[in-house]
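Descriptive analysis of the structure
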Amino acid sequence: MDVQLKRGLLDVCVLAAIKNEDSYGYKIIKDMKPYVELSESTLYTILKRLEAAAMLTVRTAEHDGRLRKYYHITDAGHRRIEEFKSEWQEVIAIYQFVTRGEENHA
């Protein structure tokens, strides 16, 4: 898969993982695991990029005596998810065009 396309997809997946409630790194990875495999280093790169783009905010809170970073989606992050959903219709149409007529050849 094209690196830029995959990067954009992973960004939206991370936003989707926190769209209903604030979350932290390990839980985000765990929540995404049934759908997409993501390493810790990749996740934290994505989180930094999304924070820089103002699509999420970060707060630190104590949990079991340790500090944990919690990520919260912003309005811009919610808008990005909505943009993705409308863009995805175009991707589906392109896929259907590319694969048209292949059902009989499989």
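Before reading on, note that the structure itself is shown above.
Counting restarts for each chain: residues are numbered from 1 in the order of the written sequence. With the structure being a predicted model, the display of local features is reserved for residues of pLDDT at least 70 and the display and counting of side-chain atom pairs for 80 or more, all residues being used for whole-chain, interface and lining totals. The side-chain values count all of the structure's non-hydrogen atoms but skip hydrogen atoms and water molecules.

The pairing of strand β1 (residues 56-63) with strand β2 (residues 66-73) spans eight bridges and is classified as antiparallel. Looking across to β2, one finds that Thr 57 is bridged to His 72. Note: two strands are recorded as paired if DSSP finds a minimum of 2 bridges between them. Comment: elements are numbered from the N terminus, with helices defined as DSSP H or I runs of at least four residues and strands as E runs of at least two. Between β1 and β2, which pair antiparallel and follow one another directly, the connecting turn spans two residues, one of which, Asp 64, has a positive phi of 55°.

As a further point, take the packing of helix α1 (residues 3-17) against helix α4 (residues 75-99). Every axis in this analysis is a line fitted to C-alpha atoms, fitted for helices over the stretch in contact. Angles between the N-to-C directions lie between 0 and 180 degrees. Interhelical geometry of α1 versus α4 gives an angle of 130° and a closest axis separation of 10 Å. Looking at the two axes, α1 sits oblique to α4. Handedness of the crossing formed by α1 with α4: left-handed. Listed contacts from α4 to Leu 9, Val 12, Leu 15 and Ala 16 of α1 are Gly 77, Arg 80, Ile 81, Phe 84 and Trp 88. Only Asp, Glu, Lys and Arg are considered charged, only Ala, Val, Leu, Ile, Met, Phe, Trp, Tyr, Cys and Pro nonpolar, and every remaining residue, Gly among them, polar. Here the contact of α1 with α4 is built from residues that sort into seven nonpolar, one polar and one charged. Every angle not falling under 35 degrees, over 145, or within 65 to 115 is termed oblique; those three ranges are roughly parallel, roughly antiparallel and roughly perpendicular. By definition, turning the near helix anticlockwise from the far helix through less than a right angle yields a left-handed crossing, and turning it clockwise yields a right-handed one. Contacts are assigned to residue pairs that have any heavy atoms within 4.5 Å of one another.

It is worth spelling out the nonpolar core at this point. By nonpolar core is meant a set of buried Ala, Val, Leu, Ile, Met, Phe, Trp, Tyr and Cys residues that side-chain atoms within 4.5 Å join together. Under the scheme applied here, a residue whose accessible area is under 20% of the maximum for its type counts as buried, over 50% as exposed, and between as partly exposed, the area being computed with a 1.4 Å probe on protein chains only. Membership of the largest hydrophobic core comes to 18 residues, with the highest contact counts inside it found for Val 14, Ile 28, Leu 38, Leu 43, Leu 47 and Leu 50. Mapped by element, the contributors of at least two residues to this core are α1, α2 (25-32), α3 (40-52) and β2. Ignoring any residue separated from it by four or fewer positions in sequence, one finds Leu 47 in contact with Val 14, Ile 28, Leu 56 and Tyr 71.

None of this, on its own, says anything about what the molecule does.
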